[in-house]
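Chain by chain, the residues:
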Amino acid sequence: ESEDGKSDDSSAGATPKKLDEDAIFKSLKGFYRKPNGSYRAQICHNGKQHNIWACKLQSDAALVYDEVARVLKGPKWGIVNFRNKQAHRALRAIELKKTGLNVDLDETLAKMSLKVKDTLSKIGKATDPVVGRL
């Protein structure tokens, strides 16, 4: 504390630590990188491996994994890769900038929704439309 009794927080005006983007990308789950450079999202359910979708961005592969995992594992499963849409969008923007790719978000989300529904149908899990959550 300072002499006037107020808290002496020297970090109050400090710049936040730089986000370790590489560590964040390495921590994402539910996919692997294919030899052609795309990312294959997959999930294991009842002892079987299910391929969900191959896409250009690892952030998109991680999101599609999250969507299928939430349905298969239930609400207690919790957060796998992304807490909300904004977290995915932020990481996706970083990835697009790093890779120089131009991947349309709306088109990707439409394809992703279809792949989630298709995967869940093959597994035998009915679900409400996913588009609004992605």
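Structure first, text after, so check above.
Residues numbered from 1 in each chain as written. Predicted model: local features only at pLDDT ≥ 70, side-chain atom pairs only at ≥ 80, totals over all residues. Heavy atoms only, no water.

Caption draft 1: Just helix α2 (residues 58-73), in detail. Here α2 is 16 residues long and its end C-alpha atoms lie 21 Å apart, about the 22 Å a rise of 1.5 Å per residue gives. The element α2 is largely enclosed, with a buried count of 13 among its 16 residues. A positive backbone phi angle near 90° is found at Gly74, which sits one or two residues after α2. (Helix = DSSP H or I, 4+ residues; strand = E, 2+ residues; numbered from the N terminus. Expected span 1.5 Å × (residues − 1). Buried < 20%, exposed > 50% of the residue type's maximum accessible area, 1.4 Å probe, protein only.)

Caption draft 2: Here's a closer look at the layout of surface pockets. Of the volumes computed, that of the largest pocket is approximately 170 Å³. Elements represented by at least two residues in the lining of the largest pocket include exactly β3 (48-55) and α4 (105-123). With 3 residues, α4 is the single largest residue contributor to the lining of the largest pocket. The residue inventory of the lining of the largest pocket, partitioned by class, reads 4 nonpolar, 2 polar and 5 charged. (1 Å grid on protein atoms, 1.4 Å probe; cavity = no way out; pocket = protein on both sides within 12 Å on 5 of 7 lines; lining within 4 Å. Points joined across faces, edges and corners; volume = space filled by probe spheres on them. Nonpolar A, V, L, I, M, F, W, Y, C, P; charged D, E, K, R; others polar.)

Caption draft 3: Examining the sheet that holds β3 more closely. If you trace the 3 strands from one edge of the open sheet to the other, you get β1-β2-β3, paired in antiparallel fashion. Whereas interior strands pair on both sides, the edge strands pair on one side only; in this sheet they are β1 (31-33) and β3. The average undirected angle you get between the axes of adjacent strands in this sheet is 30°. Against the sheet, α2 engages β1, β2 (39-45) and β3, with an angle of about 15° to β2. (Pairing = 2+ DSSP bridges. Axes fitted to C-alpha atoms, helices over the stretch in contact; angles between N-to-C directions. Contact = heavy atoms within 4.5 Å.)

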